[in-house]
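Residue-level listing of the chains:
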There are 2 protein chains.
Amino acid sequence: MKKSLTMADCCSVLVEPIADAHATELAQAFAALGDPVRLRLFSMIASAGTCCSCDLVEPIGKSQPTVSHHTKVLAEAGLITGEKAGRWVNWSAVPAKLDELRAALAS
Amino acid sequence: MKKSLTMADCCSVLVEPIADAHATELAQAFAALGDPVRLRLFSMIASAGTCCSCDLVEPIGKSQPTVSHHTKVLAEAGLITGEKAGRWVNWSAVPAKLDELRAALAS
DNA sequence: CCGATAGATTGATGACTGTCGATTAGAACT
DNA sequence: AGTTCTAATCGACAGTCATCAATCTATCGG
């Protein structure tokens, strides 16, 4: 029987020229990490395990709408996921997506 | 004696909130990979081992100036390096930079 | 020297993006 | 109900970016 491979399993950018569709999805994730502010936000969230938006605004030195915008971009790229808890949203990193990115850069 | 660590050695984004300067440099590399066309170009170069710009234009389906622009961005991000050989430029991926990116995403 | 080829640069244009102030939506606690 | 607090949304603006046609530079072959 045919083994079905997801993109996270196999697809290294280094082995062969990647397909167009794959490039689009991967590039979205890389682009999400491609802004210094967003990368720092992601780092804060990932290293904290979990944190809410309100803990990000002051350390990052940007306005609340800006932080909200960036968390949305990160979430749409699949890098973080948000769990609503009362008035708060608890953000956390998505390990599977990180694995996919690492795999894409691995030989 | 003090052990001096370069950024490539240690700095995972997942361990602690990354410093501002580090974020800027890392984000530049991620941003370079954050465009589908550029990601495909990088994939072509890296998987080929070495190739010249003229081999990229037709498969990527973009104009020559556009390809030239993208290779420049990738080179400035440290992801590829170009060796001039007569009329050609031989592009190749920079493994150390890839290691740095993978390390940044690794726990 | 001349024509041909590879690649970089310039200039222009349309699209996208990061940022913020103001506002809105929803939730909790009097 | 009213207040306070978190977060999302909207609208606007300045800046950046991807793209291409045209041009320029440099190199090779004859």
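As shown above, the structure is provided for reference.
Residues numbered from 1 in each chain as written. Chains lettered and ligands numbered in written order. Predicted model: local features only at pLDDT ≥ 70, side-chain atom pairs only at ≥ 80, totals over all residues.

Caption draft 1: The arrangement of the relation of the copies chain B and chain A in detail. At an RMSD of 0.0 Å, chain B and chain A line up after a rotation of 180° and a shift of 0.0 Å along the axis. The relationship between the two copies is best expressed as a two-fold rotation axis. When you check the interface residues of chain B against chain A, 100% turn up at the interface there too, and the contact is symmetric in its surfaces. (Least-squares fit on C-alpha atoms with pLDDT ≥ 70 in both. Contact = placed C-beta atoms within 7 Å.)

Caption draft 2: Molecular detail of the protein's contact with DNA strand C. Residues in close proximity to DNA strand C total 22 residues, the closest being A:T66, A:G86, B:C52, B:C54 and B:P65. Elements with a minimum of two residues in the surface near DNA strand C: α5 (64-76) of chain A together with α5 (64-76) and β3 (88-93) of chain B. With 5 residues, the single largest contributor to the surface near DNA strand C is α5(B). Looking at the surface near DNA strand C, its residues break down into 8 nonpolar, 9 polar and 5 charged. (Near = placed C-beta within 6 Å. Helix = DSSP H or I, 4+ residues; strand = E, 2+ residues; numbered from the N terminus. Nonpolar A, V, L, I, M, F, W, Y, C, P; charged D, E, K, R; others polar.)

Caption draft 3: Summary view of the sheet that holds strand β3 (residues 88-93) of chain A. Residues and elements named next belong to chain A. What the 3 strands build is an open sheet, ordered β1-β3-β2; its pairing is antiparallel. Strands at the two margins of the open sheet, each flanked by one partner only, are β1 (51-52) and β2 (80-85). When β1 meets β3, the two strands line up antiparallel, connected through 2 bridges. Each bridged residue has a counterpart across the sheet, and for C51 the counterpart in β3 is W91. Packed on one face of the sheet, α5 meets β2 and β3 and runs near 120° to β2. (Pairing = 2+ DSSP bridges. Axes fitted to C-alpha atoms, helices over the stretch in contact; angles between N-to-C directions.)

Caption draft 4: The protein's contact with DNA strand D, seen in detail. The immediate surroundings of DNA strand D are formed by 21 residues, with A:C52, A:C54, A:P65, B:T66 and B:G86 found nearest. Ranked by residue count, the leading element in the surface near DNA strand D is α5(A), at 5 residues. In terms of residue class, the surface near DNA strand D is made up of 7 nonpolar, 9 polar and 5 charged.

Caption draft 5: View of the interface of chain B and chain A. Taken together, the contact pairs 28 residues of chain B with 28 residues of chain A. Of all the secondary-structure elements, those providing two or more residues to the side of chain B that touches chain A are α2 (20-32), α3 (36-48) and α6 (95-104) of chain B. With 8 residues, α3(B) is the single largest residue contributor to the side of chain B that touches chain A. Considered class by class, the residues forming the side of chain B that touches chain A number 20 nonpolar, 4 polar and 4 charged.

Caption draft 6: Up close: the sheet that holds β3(B). Residue and element names in this part refer to chain B. Strand order across the open sheet formed by 3 strands is β1-β3-β2, with antiparallel pairing between neighbours. One side of each edge strand has no neighbouring strand; the edge strands of this open sheet are β1 (51-52) and β2 (80-85). Pairing analysis gives 6 bridges linking β2 to β3, with the strands arranged antiparallel. Bridge pairing in β3 links I80 to A93.

Caption draft 7: Highlighting the environment of A:K97. Along the chain, A:K97 turns up in helix α6 (residues 95-104). Once the C-alpha coordinates of A:K97 and A:G78 are considered, the two residues, 19 residues apart in sequence, prove to be 6.5 Å apart.

Caption draft 8: Representation of the packing of helix α3 (residues 36-48) of chain A against α5(A). Residues and elements named next belong to chain A. Following both chains from N to C, one finds α3 and α5 inclined at 75°, their axes separated by 10 Å at the closest point. As judged from the angle between their axes, α3 and α5 are roughly perpendicular. Each of V37, R38, L41 and F42 in α3 lies in contact with α5, whose residues at this interface are V67, H70, T71, V73 and L74. Of the residues in the contact of α3 with α5, the class split is 6 nonpolar, 2 polar and 1 charged. (Parallel < 35°, antiparallel > 145°, perpendicular 65-115°, else oblique.)

Caption draft 9: Representation of helix α2 (residues 20-32) of chain A in the model. Its 13 residues give α2(A) an end-to-end C-alpha distance of 18 Å, which sits within 8% of 18 Å, the value for a rise of 1.5 Å per residue. Here α2(A) has its buried residues at A:A23, A:L26, A:A27, A:A29, A:F30, A:A31 and A:A32. For α2(A), the elements touching its buried residues are α3, α5 and α6 of chain A together with α2 and α3 of chain B. (Expected span 1.5 Å × (residues − 1). Buried ≥ 20, exposed ≤ 12 C-beta atoms within 10 Å, placed from the backbone.)

Caption draft 10: A look at the nonpolar core. The biggest cluster of nonpolar side chains holds 56 residues, and the ones touching the most others in it are A:F30, A:F42, B:F30 and B:F42. Here A:F30 is in contact with B:F30, B:L33, B:G34 and B:L39, once residues within four sequence places are set aside. (Core = buried A, V, L, I, M, F, W, Y, C linked by C-beta atoms within 7 Å.)

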